[in-house]
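Chains, contacts and geometry: an overview
Here is what each chain is made of, one letter per residue.
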Amino acid sequence: MLRTGLFTLIAALCAVLLPATADAAPAPGVRASYANPVRTDGHVDAAATIDRLRAMNADTYAFLVQNETDWHELEAFLPEAQTAGLTVWTYLVPPTECPGGTSCAEYLPYKKDYTGWAKAIGALSQRYPVLKAWAIDDFNHNLPFFTAAYTKQIRDAGRAVQPGLEFYPVVYSDAVTTSFVDSYGGTIDSLIVPFRDDPHRNTLWTGSLNAQLDVLTTRLAAKNRKLILMVYASTLSATTVAPDVAYVRAVTAVGMQYTAAGKIAGVIQYALPLTPGRPQKSDESFAHTGNGGLVFTVHPDTATKAGDFAAASTTVRLDEGSASCRMVLWHSDDRAGSSPAGYHFKQAQVGGTQVWQRDVATEGTDWYTSAPIDLTPRLTGGSATLTLRLYEAKAVADYEVVARFDDVSLTGCHVANPDFEATGGWTFSRGNGAVNAGQHVYDPVYSTSVLAAVGALYAA
């Protein structure tokens, strides 16, 4: 998840979580953030960072310790957090992410000695009781090092100094197997589980979240443990579409519902930017006009099968007094005309019948319009389902594409949200998950907007 150099000095999580006993999972409600802090003169501005977290109604901040000055920055941050009553977690990186390589020789001050880290965090917690837990990123990528026995050792080392200090490893959903829970359930307090639509890795599709949470909560319940849902509020590496405000809001809302029901321990935001007025990291607009567009993706190194698809559907209706319906589509993709043909197709269907299609390899990467399409014969009682989709005519093993639609122009009829500037009006479906679809709205002041959106959910 984190990579060396991706963030500087600190990150904060926003979550809702209450402390657990040694043998019980946390009670519902952490509102946490692992966010990029406000910085002044190269150092964390503790007061400004805490103010922004409070504005987001966060009660917990996960402080990243990665670079050589971070431990001292944490020591300086804790007194102000203590005064503000803000819960803090220390967020460490594993050997696969250590500065200088897996030897962790440059990961200061305790290097690869995670028992030493645990004891030091326990000692800080004695001085500043708002420091209640510590976490290790990408834990499941380092299981040969973090054996169950060693994990128990490091957790117990922290508790020997500060009883009740909790340990939350970051484990991706596909690694939370029954075997993992059986082996590690007794050596942890909660799991931080990032949602990225595993095994399809994207921050566009949210439809699989409930099912994943239901499976994982059932597995963890066997050991009386709960998970903390991590929401990608910043760009996830190796993805083609950055999370927008609507995505963060949707995933957070589900997490808060599960938290309120007592099914999970809380919610934490991944790298939510706290400095106001900033765009999303590595974001771009997928719109023809305005900021919103409909986007479809097949990622690199992703295998598809013939017949796979992702689709967005809405209802097209005749205008009052109209007897005909015609449509023009604005469409685009990122494949040049010299790309292999016959694989990815942009399509439009009305009432289940295909009325238009275009191979992504037909044209360049600009925006184009379709010829006017007469939809009248496909309407029943003055309406029909309009579906825009990306369809796999032949299987691919590694042939990525980003396809887009925007500004659905209709004459004599209408649909909800034809320019995708607002959310809603369209429903999404897909085949086996190799092709993804969603609406994306670029926001030039994303950091301000996403903090407000999360803050509203956290306040509720």
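Our structure is the block above this text.
A short tour of the structure in this document, coming up.

What counts and what doesn't
Residues numbered from 1 in each chain as written. Predicted model: local features only at pLDDT ≥ 70, side-chain atom pairs only at ≥ 80, totals over all residues. Heavy atoms only, no water. Salt bridge = Lys/Arg side-chain N within 4 Å of Asp/Glu carboxyl O. Helix = DSSP H or I, 4+ residues; strand = E, 2+ residues; numbered from the N terminus. Buried < 20%, exposed > 50% of the residue type's maximum accessible area, 1.4 Å probe, protein only. Disulfide = S-S within 2.5 Å. Core = buried A, V, L, I, M, F, W, Y, C linked by side-chain atoms within 4.5 Å. Expected span 1.5 Å × (residues − 1). Contact = heavy atoms within 4.5 Å. Polar contact = N/O pair within 3.5 Å; in protein donor to acceptor, adjacent residues only side chain to side chain. Axes fitted to C-alpha atoms, helices over the stretch in contact; angles between N-to-C directions. Parallel < 35°, antiparallel > 145°, perpendicular 65-115°, else oblique. Left-handed = near helix turned anticlockwise from the far one by under 90°. Nonpolar A, V, L, I, M, F, W, Y, C, P; charged D, E, K, R; others polar. Pairing = 2+ DSSP bridges. Right-handed = clockwise from strand over helix to strand, strands pointing away.

Our focus in this paragraph is the pattern of salt bridges. Counting across every chain of the model gives 9 salt bridges. Here Lys346 makes a salt bridge to Asp333, at a shortest N to O gap of 2.8 Å. Here Lys346, found in strand β15 (residues 344–350), pairs with Asp333, found in strand β14 (residues 326–333); they are 13 residues apart in sequence, far enough to count as distant. Of the two residues, Lys346 and Asp333, both sit in the buried class. Arg358 serves as the salt-bridge partner of Glu363, at 2.5 Å between the closest nitrogen and oxygen. Look at Arg358 and you get partly exposed, because its relative accessible area is 21%. Shared partners join several salt bridges into a network, and the residues in it are Arg155, Arg159 and Asp189.

A separate point is the state of the cysteines. Applying the stated criterion across every chain yields a total of 2 disulfides. Across a sulfur-sulfur distance of 2.1 Å, Cys98 and Cys104 are joined as a disulfide pair. The sign of the S-S torsion, about 75°, decides the handedness of the disulfide formed by Cys98 and Cys104: right-handed. For the pair Cys98 and Cys104, a shared accessibility class is recorded, and that class is buried. Cys325 shares a disulfide with Cys413; S-S distance 2.0 Å. Its S-S torsion of approximately 70° makes the covalent link between Cys325 and Cys413 right-handed. Here the residue Cys325 occupies a position in the loop between β13 (309–318) and β14, and Cys413 occupies one in strand β21 (residues 413–414), the gap between them amounting to 88 residues.

Counting 97 residues, the largest nonpolar core has Phe77, Trp89, Tyr114 and Ile192 as its most contacted members. When residues in this core are grouped by element, the largest group, 7 residues, is from helix α7 (residues 245–260).

Counted at 1.5 Å a residue, the expected span for helix α3 (residues 114–127) with its 14 residues is 20 Å, and the 20 Å between its end C-alpha atoms agrees. In terms of burial, α3 is a largely internal element, 10 of the 14 residues being buried. By the burial criterion, the buried members of α3 are Tyr114, Thr115, Gly116, Trp117, Ala118, Ala120, Ile121, Gly122, Leu124 and Ser125. In this structure, the buried side of α3 is in contact with β5 (60–65), α2 (70–84), β6 (87–92), β7 (131–136) and α4 (148–161). A distance of 3.2 Å separates the backbone nitrogen of Thr115 from a side-chain oxygen at the start of α3, and that oxygen is part of Asp113.

When two helices pack together, their arrangement is given by the angle between the helix axes and the distance between those axes. Interhelical geometry of helix α1 (residues 46–55) versus α2 gives an angle of 40° and a closest axis separation of 10 Å. As far as their axial angle goes, α2 and α1 are oblique. You can see that α1 and α2 cross each other, and the crossing is right-handed. Across the interface between the two elements, Ala46, Ala47, Thr49, Ile50 and Arg54 of α1 pack against Phe77, Glu80, Ala81 and Ala84 of α2. Taken together, the residues of the contact of α1 with α2 sort by class into 6 nonpolar, 1 polar and 2 charged.

Judged by which residues are buried, strand β8 (residues 166–169) turns out to be covered on both faces: Glu166 and Tyr168 on one side and Phe167 and Pro169 on the other are all buried. Note that β7 and β8 share 4 bridges and pair parallel. Its bridge partner lying in β8, Trp134 is registered against Phe167. Tracing the backbone out of β7, into α4 and back to the parallel element β8 gives a crossover that is right-handed.

Attention now moves to the side chain of Gln212. Note that Gln212 resides in helix α6 (residues 209–221). When residues no more than four places from it in sequence are discounted, the contact partners of Gln212 are Ser173, Phe195, Asp197 and Asp198.

Here the focus is the pairing of strand β9 (residues 190–194). Of all 5 residues in β9, 5 are buried, a share of seventy percent or more. Side chains of β9 alternate between two faces, with Ser190, Ile192 and Pro194 and Leu191 and Val193 buried alike. Taking the sense of rotation as the criterion, the β-α-β connection linking β9, α6 and strand β10 (residues 226–232) turns out right-handed.

The next thing to look at is the packing of α7 against helix α8 (residues 446–459). One way to put it is that α7 packs onto α8 with a least axis distance of 10 Å and a crossing angle of 20°. Judged on the interaxial angle alone, α8 and α7 are roughly parallel. Here the hand of the crossing between α7 and α8 comes out right-handed. In this structure, α7 contributes Val245, Val248, Arg249, Thr252, Ala253 and Met256 to the contact, and α8 contributes Tyr446, Ser449, Val450, Ala453, Val454, Leu457 and Tyr458. Among the residues forming the contact of α7 with α8, the class breakdown is 10 nonpolar, 2 polar and 1 charged.

Relative to the elements of secondary structure, Ser173 occurs in the loop between β8 and α5 (178–184). Only 3.0 Å separates the side chain of Ser173 from the side chain of Asp198, close enough to count as a polar contact. Apart from the residues within four sequence positions on either side, Ser173 is in contact with Val193, Asp198, Gln212 and Leu216.

Going from Leu108 to Pro109, the amide bond is cis rather than trans, its omega being 10°. On the secondary structure map, Pro109 appears in the loop between β6 and α3. Between Asp198 and the following residue, Pro199, the backbone shows a cis peptide bond with an omega angle of 5°. You can see Pro199 is positioned in the loop between β9 and α6. In this model, Asp138 sits at a positive phi of 45°, which is unusual for a non-glycine residue. Checked against the element boundaries, Asp138 lands in the loop between β7 and α4. Asp138 gets classed as buried once you look at its relative accessible area, which sits at 1%.

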